[in-house]
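Understanding the architecture of this molecule
Below, each chain spelled out in residue letters.
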Amino acid sequence: MDIVRNFKRFRLIKGRAVEDLADYLGIDEKEYLSWEAGESEPTIQQLHALARYYDCSTDLLMDLF
């Protein structure tokens, strides 16, 4: 699944820690890591917040184009 790969890829490229993202999104680290592992998915609101955090579109984050 591209979105799973992209969550980790964007985080590593931007040099961000899981803790930073979890704090920004208002979730715990285990929840964020479950996204990277493909065990769960963010809500639409969380996906938009993550795109804002990375200053990109949700399409780019999800690798849809």
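Each value, and the rule that gives it
Residues numbered from 1 in each chain as written. Predicted model: local features only at pLDDT ≥ 70, side-chain atom pairs only at ≥ 80, totals over all residues. Heavy atoms only, no water. Helix = DSSP H or I, 4+ residues; strand = E, 2+ residues; numbered from the N terminus. Rg over C-alpha atoms; globule rule 2.2 N^0.38 Å. Buried < 20%, exposed > 50% of the residue type's maximum accessible area, 1.4 Å probe, protein only. Contact = heavy atoms within 4.5 Å. Areas by Shrake-Rupley, 256 points an atom, 1.4 Å probe, with all protein chains shown as cover. Lys, Arg positive; Asp, Glu negative; His and termini not counted. Charge placed at Lys NZ, Arg CZ, Asp CG, Glu CD. Axes fitted to C-alpha atoms, helices over the stretch in contact; angles between N-to-C directions. Parallel < 35°, antiparallel > 145°, perpendicular 65-115°, else oblique. Left-handed = near helix turned anticlockwise from the far one by under 90°. Nonpolar A, V, L, I, M, F, W, Y, C, P; charged D, E, K, R; others polar. Salt bridge = Lys/Arg side-chain N within 4 Å of Asp/Glu carboxyl O.

Thoughts on the overall build of the protein chain
Looking only at helices and strands, the protein chain has five helices and zero strands in total. Since a compact globule built from 65 residues should have a radius of gyration of about 11 Å, the 10 Å found for the protein chain is in line with a globular shape. Among the 65 residues that make up the protein chain, the fraction classed as buried is 37%. Of the contacts formed within the protein chain by residues at least 6 apart in sequence, a portion of 55% connects residues at least 24 apart. If you sum the accessible surface of the protein chain, you get close to 4200 Å²; carbon and sulfur atoms cover 50% of it. Where the 8 positive side-chain charges of the protein chain centre and where its 13 negative ones centre are 5 Å apart.

Quick look at unusual backbone geometry
Although it is not a glycine, Asp55 sits at a positive phi angle of roughly 55 degrees. Structurally, Asp55 can be placed in the loop between helix H4 (44–54) and helix H5 (58–62).

Focus on the packing of helix H2 (residues 18–25) against H4
Interhelical geometry of H2 versus H4 gives an angle of 125 degrees and a closest axis separation of 10 Å. In terms of their interaxial angle, H2 and H4 are classed as oblique. Note on packing geometry: the crossing formed by H2 with H4 is right-handed. Between H2, through Asp20, Leu21, Tyr24 and Leu25, and H4, the contact on the second element is made entirely by Gln46, Ala49, Leu50, Arg52, Tyr53 and Tyr54. When grouped by side-chain class, the residues that make up the contact of H2 with H4 number seven nonpolar, one polar and two charged.

Some remarks on the pattern of salt bridges
Enumeration over the complete set of coordinates arrives at one salt bridge. One salt bridge connects Glu36 with Arg11, and the closest N-O pair in it is separated by 2.6 Å. Here Glu36 is found in helix H3 (residues 29–36), whereas its partner Arg11 is found in helix H1 (residues 2–13), with 25 residues between them in sequence. Arg11 matches Glu36 in its accessibility class, with the two residues each being buried.

Treat this as a map of the structure, not an account of what it does.
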